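Coordinate inspection notes
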Amino acid sequence: MFINLKDGRIIELREANPKDSEKIIAFWSKLINDFTSYRLFNYTGKLSKPDVLENRIKNKEINIDLAISDNYVVGDVIVTIGPKFGIMLQPHIAEIAYGLSEEFRGTGLIYAQIFSAVSKIDVKYIMAYVDLENIRSIKILENLKCEKKAELPEFIYDNVKKQLKTLLLYMCNKDLLFSEAQKKIKQVGINIKDYHII
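Presented here is a report on the structure given in the accompanying data block. (Residues numbered from 1 in each chain as written. Predicted model: local features only at pLDDT ≥ 70, side-chain atom pairs only at ≥ 80, totals over all residues. Heavy atoms only, no water.)

1. Topic: the packing of helix 4 (residues 109-118) against helix 6 (residues 174-187)
- Interaxial distance between helix 4 and helix 6 falls to 9 Å at its minimum, and their mutual angle equals 145 degrees. For the pair helix 4 and helix 6, the sense of crossing is left-handed. Residue-level inspection shows Tyr111, Ala112, Ile114, Phe115 and Val118 of helix 4 in contact with helix 6, the latter providing Lys174, Leu177, Phe178, Ala181, Gln182, Lys184 and Ile185.
- Each residue belonging to the contact of helix 4 with helix 6 can be placed in one class, and the counts come to nine nonpolar, one polar and two charged. (Axes fitted to C-alpha atoms, helices over the stretch in contact; angles between N-to-C directions. Helix = DSSP H or I, 4+ residues; strand = E, 2+ residues; numbered from the N terminus. Left-handed = near helix turned anticlockwise from the far one by under 90°. Contact = heavy atoms within 4.5 Å. Nonpolar A, V, L, I, M, F, W, Y, C, P; charged D, E, K, R; others polar.)

Here it is as structure tokens:
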């Protein structure tokens, strides 16, 4: 799927394939040094090796939806179905984690990324863990009508900052999230072509 941002930039949104692993690692390498990024690697201080990521994508252990501009990955949404107990016991729940290059923040692209990733999965609920300090991500989830279900004090150890962090658990109905993402995309003036929903 291709989208046109309001400023004229064209972005391709598509599923990652094993050959994308080096581009993904290059993107994550930018985020790992971004103090406003709250991805798992920001807490560990370590990135996957390209060959490990390539195998995980090849074996369908990880689903990554990419935003690509000028042949560079500028954003991603990782989707895990059955996030806590496996797909057999949680086929109805998907967890999402997402990131975006700084130069694309504030454009509404994140809503298009989430819209694209969620359109490809058949689940009832979407969940996301968010750091209590990650105000931007909290706002995104709340704009998509996700509800805060829990505050989890000292839930994750930040190995870089050497401190325990509080996470928030957000959840919402997939169809509601999809509908709200579609509204936000139109609101910010993004034009989407060639999509289908499962």
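2. Some details on the nonpolar core
- Ranked by size, the top nonpolar core spans 41 residues in total, and within it Ile3, Leu109, Ile114 and Ile126 carry the most contacts.
- Among the elements of the structure, strand 2 (10-15), strand 4 (72-81), strand 5 (93-100), helix 4, strand 6 (125-131), helix 5 (135-143), strand 8 (163-173) and helix 6 are those that each provide at least two residues to this core.
- By residue number, the principal contributor to this core is helix 4, which donates eight residues.
- Not counting residues within four places of it along the chain, the set of residues in contact with Leu109 comprises Ile3, Leu5, Ile11, Leu13, Ala67, Val74, Leu100, Phe104 and Ile190.
- Of all hydrophobic cores here, the second largest spans 15 residues; its members include Ile25, Leu53, Leu66 and Ile68. (Core = buried A, V, L, I, M, F, W, Y, C linked by side-chain atoms within 4.5 Å. Buried < 20%, exposed > 50% of the residue type's maximum accessible area, 1.4 Å probe, protein only.)

3. Details of the environment of Phe27
- Of note, Phe27 is situated in helix 1 (residues 21-32).
- Apart from the residues lying within four places of it in its own chain, the contact partners of Phe27 are Val73, Val74, Gly75, Asp76, Gly99, Leu100 and Ser101.

4. Section: helix 5
- Of the positions making up helix 5, those classed as buried are Ser137, Ile138, Ile140 and Leu141. Looking straight down helix 5, one finds that the buried residues subtend no more than 160 degrees of arc, so they occupy a single side. Facing away from the buried side of helix 5, by more than 90 degrees, are the exposed residues Ile135, Arg136 and Lys139.
- Here the buried face of helix 5 lies against strand 5, helix 4, strand 6 and strand 8.
- Lys145 sits one or two positions beyond helix 5 and adopts a positive phi of about 65 degrees. (Arc of directions from axis to C-beta.)

5. Examining the pairing of strand 8
- For strand 8, the buried fraction is high: eight of the 11 residues fall into the buried class.
- With seven bridges joining them, strand 6 and strand 8 adopt antiparallel strand pairing. In the sheet register, Ala128 faces strand 8, and the bridge partner there is Tyr170. (Pairing = 2+ DSSP bridges.)

6. So, the environment of Leu167
- Positionally, Leu167 belongs in strand 8.
- Judged by relative accessible area, which is 7%, Leu167 ranks as buried.
- Residues Leu167 and Pro153, spaced 14 residues apart in sequence, show a C-alpha to C-alpha distance of 6.5 Å.

7. Some details on helix 6
- Helix length check: helix 6 (14 residues) gives 20 Å between terminal C-alpha atoms against 20 Å at 1.5 Å per residue, within 8%.
- Along helix 6, the residues that are buried comprise Lys174, Leu177, Phe178, Glu180, Ala181, Lys184 and Ile185.
- Measuring from the backbone nitrogen of Asp175 back to the side-chain oxygen at the start of helix 6 gives 2.8 Å, which picks out Asn173 as the cap.
- Where helix 6 terminates, the next one or two residues include Gly189, which has phi positive at roughly 80 degrees. (Expected span 1.5 Å × (residues − 1). Polar contact = N/O pair within 3.5 Å; in protein donor to acceptor, adjacent residues only side chain to side chain.)

8. Concerning the pattern of salt bridges
- Counting across every chain of the model gives 14 salt bridges.
- Ionic pairing is found between Glu133 and Lys165, a salt bridge with its closest N-O pair at 3.4 Å. In this pair, Glu133 sits in the loop between strand 6 and helix 5 while Lys165 sits in strand 8, placing the two residues 32 residues apart along the sequence.
- For the salt bridge of Glu147 with Lys149, the shortest nitrogen-to-oxygen distance reads 3.2 Å.
- By relative accessible area, Glu147 is classed as partly exposed at 47%.
- Sharing partners across several salt bridges, the network here consists of Glu12, Arg14 and Asp20. (Salt bridge = Lys/Arg side-chain N within 4 Å of Asp/Glu carboxyl O.)

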